[in-house]
Amino acid sequence: VKLVESGGGLVQPGGSLRLSCRASGFTFSSYYMSWYRQAPGKGRELVAGIIRAGSSTNYADSVKGRVTISRDNAKNTVYLQMNSLKPDDTDVYYCHVPYSGRNYWGQGTQVTVSS
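Residues numbered from 1 in each chain as written. Predicted model: local features only at pLDDT ≥ 70, side-chain atom pairs only at ≥ 80, totals over all residues. Heavy atoms only, no water.

**Q** Got a minute to help me understand the pattern of salt bridges in this structure?
**A** Pairs can form between side chains of opposite charge once their charged atoms are near each other. Going through the model one piece at a time under the given rule, you end up with 5 salt bridges. Of the charged contacts, one joins Lys64 and Asp61 as a salt bridge, the two residues approaching to 3.2 Å between their closest N and O atoms. Residue classification places Asp61 among the exposed positions, given a relative accessible area of 65%. Between Asp89 and Arg66 there is a salt bridge; the shortest N-O distance is 2.8 Å. Taken together, the residues Asp89 in the loop between β8 (77-82) and β9 (91-99) and Arg66 in the loop between β6 (57-59) and β7 (67-72) connect sequence positions 23 residues apart. The same class applies to Asp89 and to Arg66, which are both buried. Three or more residues joined by partner-sharing salt bridges are found here, namely Arg37, Glu45, Arg66, Asp89 and Asp91. (Salt bridge = Lys/Arg side-chain N within 4 Å of Asp/Glu carboxyl O. Buried < 20%, exposed > 50% of the residue type's maximum accessible area, 1.4 Å probe, protein only. Helix = DSSP H or I, 4+ residues; strand = E, 2+ residues; numbered from the N terminus.)

What follows is the structure, given as structure tokens:
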């Protein structure tokens, strides 16, 4: 199982970013996928999740209305569209899949929101 995130960077408050996570090594379309984030010295926080067919999603209260998770099962990719970004959104963002009894994570992508 391999998860590779991309799309992070430095953005001004109010700006937008789209994160991508390319998955391989498992049948992507059969698994719930999610995004987490983690600040230094803190635990990982669930940001958003999406079921296999993409028809149902869930979001952390802190990002509702600003973030959209989506997936393209033909491309084995899950996305996180983030709008109206705030400095508090500054974190490392990780893609996650629970597979075969284990949790798999990508290497993370840094998002920094600053003027």
